[in-house]
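Now for the letters of each chain:
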Amino acid sequence: MNISAQTVPGFDCRKAWASTIEEIAEQDDRIVVVVNDSVGSSNLGGFQSAFADRLINVGIAEQNMVGVGAGLANGNRIPFVSAASCFLSGRALEQIKADIAYSQYNVKLVGQSSGVAYGELGATHHSIEDFAWLRSFQNLTVIAPADPWETEMAVRWAAKHQGPVYIRLSRMKVPDLGKEIGGGRQFEPGKMRSLRAGDDVTLLANGTTVHLALAASDRLAASGISASVHSVHTLNPLDEAGILSEADKTGAIVTVEEGLTRGGLGGAVAELTSLNRPVPVERVGFDGFQPTGNVEHLFELAGLTPDGIAAAANRAMKRKV
C-alpha cells in the first residue's frame, strides 16, 4: 500500500498556529495579526473574537497588507501577517523584499495553505516557488514545520525573535511525529531535527513531506538499506554543518519538498554540497508549473511518495564514487 499526502490521518497545522497565536497574544499585547480577508482560512475566528481590536483585515490587498505589517512593526508592535502563501509570497514579493527584508522590520509572515494544497485551482494557486524566492533574502528566516509541534515551536520562537520570519503552513493534515522518534522533540531554527539515524543514505525533508521520508526509510530498511531522516524545518539559514556532516557520513543525499527543487531545499543542498562535499544529490519535488489536480495526483506525479523517495535513494547510492 502506498502512503499519499491525503490518506495519512493527522493534524491540521493551521489549528496549532491559531491556538498558539491566541495564547501568545493573551500574554503579550504587542501581538497583532494582519490578514487579507482570510480570517477563516487562517483559522483566526477565535483570535478575532478574543482580540477584535488586534486583528486588521485589509481586504484582498496583499501588497498593502505587508506594508501595514511593516508600519505596525515600526510602531513597536509584533505583527503576524497571515494569508494564502501563493498570494502572500507572489503578489507582495516586492513589499516583502523592500518593506520587510531590506528594512529588517520585525514582521512575521505566515503563508497558509502552501505548496499544492489548492491543487484543483491550478498553477495560479499553487505556492511552490516561495522557498526559492524567499530564501534569497539573507536576513529573512524561512521555516516549514513538519507537524503541529514544530508549528507551535516556530510560532513561539518567531514571536520572541527580533527580525523578519516566514512560516510556511499547509492545510493538508500530517501526523504528529511524536517523542518516540529518534532525537526527541528538539526545535532550534537553523538546526535540522534528526528523526532517524542511518549510514547508507540521507533523506532531508521539510513540511508535509517529512512523514513520507520516514515511510520511505521503512521501505529501504526492508531491503537492508539504512537511511537517516531529518526535518530540515529551517531553509534559511540552512543547517550547513549538519548537512555536510551527513554528506561525510552516508555519501549520498535525497532532498524531499513540496516545492520547486530548483531554488528550494534541493537547490540549497545541491549548492552547498557541490561547493564543499561533492556527493550524489537526488531531488524529489516539483519542476516547473504543475497541472490542475488533487494533492494525491500531484504528489504521485512528482514522486512524492514513500516508493518514489525510496527509488531516489537507490539512484543516489548507485551514483556513489
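Residues numbered from 1 in each chain as written. Predicted model: local features only at pLDDT ≥ 70, side-chain atom pairs only at ≥ 80, totals over all residues. Heavy atoms only, no water.

Enquirer: Tell me about helix H8 (residues 210-222), residues and numbers included.
Expert: Compared with an ideal rise of 1.5 Å per residue, which puts 13 residues at 18 Å, H8 spans 19 Å between its outermost C-alpha atoms and is within 8% of the ideal. Along H8, the residues classified as buried are Val210, His211, Leu212, Ala213, Leu214, Ala215, Ala216, Ser217 and Leu220. On its buried face, H8 is in contact with strand E7 (193-196), strand E8 (201-205), strand E9 (227-231), helix H11 (295-302) and helix H12 (306-318). (Helix = DSSP H or I, 4+ residues; strand = E, 2+ residues; numbered from the N terminus. Expected span 1.5 Å × (residues − 1). Buried < 20%, exposed > 50% of the residue type's maximum accessible area, 1.4 Å probe, protein only. Contact = heavy atoms within 4.5 Å.)

Enquirer: Summarise the nonpolar core; cite the residues concerned and give the values.
Expert: Grouped together as the largest cluster of nonpolar side chains are 38 residues, with contacts concentrated most on Leu88, Ile96, Leu238, Ile243 and Ile253. Looking at this core, the elements that each hand over two or more residues are strand E1 (31-35), helix H3 (62-74), strand E3 (78-84), helix H5 (93-102), helix H6 (130-134), helix H9 (240-250) and helix H10 (265-276). Considering each element in turn, this core owes the most residues, 5 residues, to H3. Excluding residues within four positions of it along the chain, Leu238 makes contact with Gly190, Val232, Ile243, Leu265, Ala268 and Leu272. Grouped together as the second largest cluster of nonpolar side chains are 35 residues, Ala205, Ala227, Val229 and Phe299 included. (Core = buried A, V, L, I, M, F, W, Y, C linked by side-chain atoms within 4.5 Å.)

Enquirer: So what's going on with unusual backbone geometry? Residues and values would help.
Expert: Looking along the chain, the bond that leaves Asn236 and enters Pro237 is cis, with omega of 0°. By secondary structure assignment, the location of Pro237 is in the loop between strand E10 (234-236) and H9. In the Ramachandran plot, Asp37 falls in the positive-phi region, its phi being about 60° despite a non-glycine side chain. With respect to the helices and strands, the residue Asp37 is situated in the loop between E1 and helix H2 (45-50). Look at Asp37 and you get exposed, because its relative accessible area is 52%. With a phi close to 70°, Asn76 is a non-glycine residue in the positive phi region. As for its placement among the helices and strands, Asn76 is situated in the loop between H3 and E3. Its relative accessible area of 62% is what places Asn76 among the exposed residues.

Enquirer: Which residues make up H10, and what are the values?
Expert: The end-to-end C-alpha distance of H10 is 16 Å, a good match for the 16 Å that 12 residues give at a rise of 1.5 Å each. Buried within H10 are the following residues: Leu265, Gly266, Gly267, Ala268, Val269, Leu272 and Thr273. In this structure, the buried residues of H10 make contact with E8, E10, H9, strand E11 (253-260) and strand E12 (281-286).

Enquirer: Kindly report on the sheet that holds strand E5 (residues 141-143), identifying the contributing residues and their values.
Expert: The strand order across the open sheet formed by 7 strands is E2-E1-E3-E4-E6-E5-E10, and the pairing between neighbours is mixed. Edge positions in the open sheet fall to strand E2 (55-57) and E10, since each of these has one partner strand only. Pairs of neighbouring strands in the sheet enclose a mean axial angle of 20°, with direction left out of account. Summarising the sheet, E5 and E10 pair through 2 bridges and their orientation is antiparallel. Residue Val142 lies in a different strand from E10, and its bridge partner there is Asn236. Sitting on the sheet, helix H1 (residues 13-27) is in contact with E1, E3 and strand E4 (108-112), with an inclination near 140° to E1. (Pairing = 2+ DSSP bridges. Axes fitted to C-alpha atoms, helices over the stretch in contact; angles between N-to-C directions.)

Enquirer: Requested: an account of the pattern of salt bridges, with residues and values cited.
Expert: Counting across every chain of the model gives 15 salt bridges. Taking the shortest distance from any N to any O, the salt bridge between Glu282 and Arg319 comes out at 3.0 Å. Of the two residues, Glu282 is situated in strand E12 and Arg319 in the segment after H12; the sequence distance between them amounts to 37 residues. It is possible to trace a salt-bridge network through shared partners that takes in Glu23, Glu152 and Arg156. (Salt bridge = Lys/Arg side-chain N within 4 Å of Asp/Glu carboxyl O.)

Enquirer: Can you explain the pairing of E3? Please cite residues and give values.
Expert: Within E3, 7 of the 7 residues are buried, which leaves the element mostly enclosed by the surrounding structure. When E1 meets E3, the two strands line up parallel, connected through 5 bridges. Opposite Val35, over in E3, you have Ser82 as the bridge partner. Relative to E4, E3 runs parallel, the two sharing 5 bridges. Paired with Val81 across the strands is Leu109, a residue of E4.

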